[in-house]
Amino acid sequence: MTTSPEPATATTATAAAPAPPPLSARQRWTVLAVCALSLFLVGLDTTIVNVGLPAIGHGLGVGTRDLEWIVDAYTVVLASLLISAGALADRFGRRRVFQCGLVVFGLASLVCALAPSAGALVAARALQGVGASMLSPVALAIVVNAMPDPRERARAIGVWASVFGLSMATGPVTGGALVSALGWRSVFWVNVPVVLAAVLLSIRFVPESRASRARRPDLPGQLLLTVAVCATVAVLIEGPRMGWGSPWALAGYAAAAAATTGFVLAERGRAEPLMDLGLFRRPAFSTAALGAVAVFVALTVTLLLTTFQLQHARGWTPLAAGLASLPMALGATVCAPLSGVLVGRGGPRRPLLLAAWSTTAGGALLLVRAFLVDDAPHGADGGLSGAADLPGLLLALLLLGVGFGFANAPITNTAVGGLPADRAGVAGAITSTARQLGSAVGIAIAGGLVAGAAPAGLAAASRTGWVVVTACGLFLLVVARAARRR
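Residues numbered from 1 in each chain as written. Predicted model: local features only at pLDDT ≥ 70, side-chain atom pairs only at ≥ 80, totals over all residues. Heavy atoms only, no water.

Draft legend 1. Representation of the overall build of the protein in the model. Within the protein, the regular secondary structure consists of 18 helices and zero strands. In the protein, which comprises 486 residues, the share counted as buried stands at 57%. For the protein, the accessible surface area stands at approximately 18100 Å², while carbon and sulfur atoms represent 69% of it. (Helix = DSSP H or I, 4+ residues; strand = E, 2+ residues; numbered from the N terminus. Buried < 20%, exposed > 50% of the residue type's maximum accessible area, 1.4 Å probe, protein only. Areas by Shrake-Rupley, 256 points an atom, 1.4 Å probe, with all protein chains shown as cover.)

Put into structure tokens, the structure is as follows:
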């Protein structure tokens, strides 16, 4: 609910407390660099684990659904706590909470690297999510406070979006290289020196700041939001195993519905709610939030299904599977800053249209491959070991990377554009929560499709996933239309 975490995750854009002397240009961009380092960690940890899932499953002796929880324990907790973390930072000091988040994230990474079982790893990943929730929104609030000039701040948010897109897209490549060379535990060890460097740099360069009037904590709202998100994702992950009409599944539906209803009622009755539900009455905002979910559903479904097909069905190494995602990383890295430029010059509609058509084309190409290439009669493994169809796969991943790169900045702009500062921060935080929720739902959908599928049947099992990816791309056309109306 990730990013974005991501431009505009600053959970409060309220007026800052009386400020010290203005920072020099060099100091301001140094603050951005330090904060962007933390953002890179958050985005990287959202995807770096994906390519290592088969190795983790083999090493810990667990199945697909346990592997889903290893990913979603992080994203669900992160999505649930993003908004509250910003409120805590406004009250107790942004640099203090930022550093606390780094320490928690680093310690949780150590526990992940040493985890003796899947249960311990899931718990440690949840703790990582707690730490990450104190990084992306708080870091952006620090950047916004350090850069009072609107034009400079807009450029900084463009860099912010580029860093996040780069971290998400390069996660599979980095994870594949680490798993192949050093084993799956290395994807967690690598966080430790980066966290240590970020802590030291924040002590040296990041100024303390807090809101002049901090919002009161909304504990009932936080609890109900967490229950609603966790119940929804739990049903998606466990539904195929339990049966969608089983008593446990029905109890999950009831818990999710009750928590969501209770959350809406509780937020309407509070003077300072956790989430400003009035924002959803704006068509541009509500479609942008759903667009953020769609983009990250498409991204995570693609990464997980591709990882399982390449490693389980074709027998590729984690490094080879990670390298196959390079076109996606390239597309996202090149197009994210270009998207920011296009938004600055002409608004969000054009990059949103580019994102929509690129994502739709990539998903449609993967769907066609699932029918015409992967199911063609070949060898004993169902024809999945050959490389004849590799150009089609790489082209599809490039198109999806282009779509992902173009999507982030205009979605954030659509969500917060035209809002006063005190509502823009909350709007950005909700959009970031939507991103992480999309990641969690995407993992649950993809895991449910491939759970129990034999290697030769993974292509057929993935067809529904490619339909979902294509539909996500088409939905971005609705977001673009809403942005045009605004």
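On we go.
Draft legend 2. Structural detail: helix 9 (residues 191–205). Taking 1.5 Å as the rise per residue, helix 9 with 15 residues should run 21 Å; its terminal C-alpha atoms sit 21 Å apart, in good agreement. Tucked into the core, helix 9 has its buried residues touching helix 1 (25–47), helix 4 (94–114), helix 5 (118–133) and helix 8 (186–189). (Expected span 1.5 Å × (residues − 1). Contact = heavy atoms within 4.5 Å.)

Draft legend 3. Local environment of the side chain of glutamine 222. As for its position among the elements, glutamine 222 is in helix 10 (residues 219–242). For glutamine 222, a relative accessible area of 10% translates into the label buried. Sequence-distant contacts of glutamine 222, that is, excluding residues within four places in its chain, are made with Ser80, Leu81, Ser84 and Leu274.

Draft legend 4. Looking closely at the packing of aromatic side chains. Tallied over the entire structure, the rule returns three aromatic pairs. With a centroid separation of 6.3 Å and 85 degrees between ring planes, the pair formed by tryptophan 184 and phenylalanine 188 is classed as edge-to-face. There is no split in this pair, since tryptophan 184 and phenylalanine 188 are both buried. Arranged with centres 5.1 Å apart and planes meeting at 75 degrees, the rings of phenylalanine 280 and phenylalanine 285 form a pair that is edge-to-face. (Phe/Tyr/Trp six-rings, centres within 6.5 Å; stacked < 30°, edge-to-face > 60°.)

Draft legend 5. Inspection of a nonpolar patch on the surface at higher detail. Where nonpolar side chains cluster on the molecular surface, the patch consists of Leu330, Val334, Leu395 and Leu398 and spans about 350 Å² of accessible area. Those elements that place two or more of their residues in the nonpolar patch are helix 14 (326–346) and helix 16 (390–416). (Patch = residues over 30% accessible without salt bridge, like charges linked within 9 Å, V, L, I, M, F, W, Y side chains within 5 Å. Salt bridge = Lys/Arg side-chain N within 4 Å of Asp/Glu carboxyl O.)

Draft legend 6. Main features of the packing of helix 3 (residues 64–92) against helix 5. In contact at an axis separation of 7 Å, helix 3 and helix 5 are set at 25 degrees when each is read in the N-to-C sense. One way to sum up the angle between helix 3 and helix 5 is to call them roughly parallel. Considering how the two elements wind past one another, helix 3 and helix 5 form a crossing that is right-handed. Residues Asp66, Trp69, Ile70, Val71, Ala73, Tyr74, Val77, Leu78, Leu81, Leu82 and Ala85 of helix 3 lie in contact with helix 5, whose contacting residues are Leu121, Val122, Arg125, Ala126, Gln128, Gly129, Val130, Ala132 and Ser133. In terms of residue class, the contact of helix 3 with helix 5 is built from 15 nonpolar, three polar and two charged. (Axes fitted to C-alpha atoms, helices over the stretch in contact; angles between N-to-C directions. Parallel < 35°, antiparallel > 145°, perpendicular 65-115°, else oblique. Left-handed = near helix turned anticlockwise from the far one by under 90°. Nonpolar A, V, L, I, M, F, W, Y, C, P; charged D, E, K, R; others polar.)

Draft legend 7. The packing of helix 4 against helix 5, seen in detail. At a closest axis distance of 7 Å, the pairing of helix 4 and helix 5 adopts a crossing angle of 165 degrees. Classified by the angle between their axes, helix 4 and helix 5 sit roughly antiparallel to one another. The two elements helix 4 and helix 5 meet at a crossing, and its hand is left-handed. For the pair helix 4 and helix 5, contact is made by Gly101, Val104, Phe105, Ala108, Ser109, Val111 and Cys112 and by Leu121, Ala124, Arg125, Leu127, Gln128, Gly131 and Ala132, respectively. For the contact of helix 4 with helix 5, the class distribution of residues is nine nonpolar, four polar and one charged.

Draft legend 8. Examining the environment of phenylalanine 475 more closely. Tracing the chain through its elements places phenylalanine 475 in helix 18 (residues 458–485). Each C-alpha atom of the pair phenylalanine 475 and alanine 294 lies 7.5 Å from the other, and the pair is 181 residues apart in sequence. In this structure, phenylalanine 475 is in contact with Thr287, Leu290, Gly291 and Ala294, ignoring residues within four places of it in sequence.

Draft legend 9. Quick look at the nonpolar core. Counting residues in hydrophobic clusters, the biggest one holds 126 residues, and the most contacted among them are Val49, Ile56, Leu121, Val143, Trp160, Phe188 and Ile411. Here this core takes 17 residues from helix 12 (residues 283–313), the largest share from any one element. The residues touching valine 49, leaving out its near neighbours within four places in the chain, are Ile56, Ile70, Val71, Arg125 and Phe188. (Core = buried A, V, L, I, M, F, W, Y, C linked by side-chain atoms within 4.5 Å.)

Draft legend 10. Helix 15 (residues 349–372), seen in detail. The terminal C-alpha atoms of helix 15, which comprises 24 residues, lie 34 Å apart, in line with the 34 Å expected from a rise of 1.5 Å per residue. Listing the buried residues of helix 15 in full gives Pro351, Leu352, Ala355, Ala356, Ser358, Thr359, Thr360, Gly362, Gly363, Leu366, Arg369 and Ala370.

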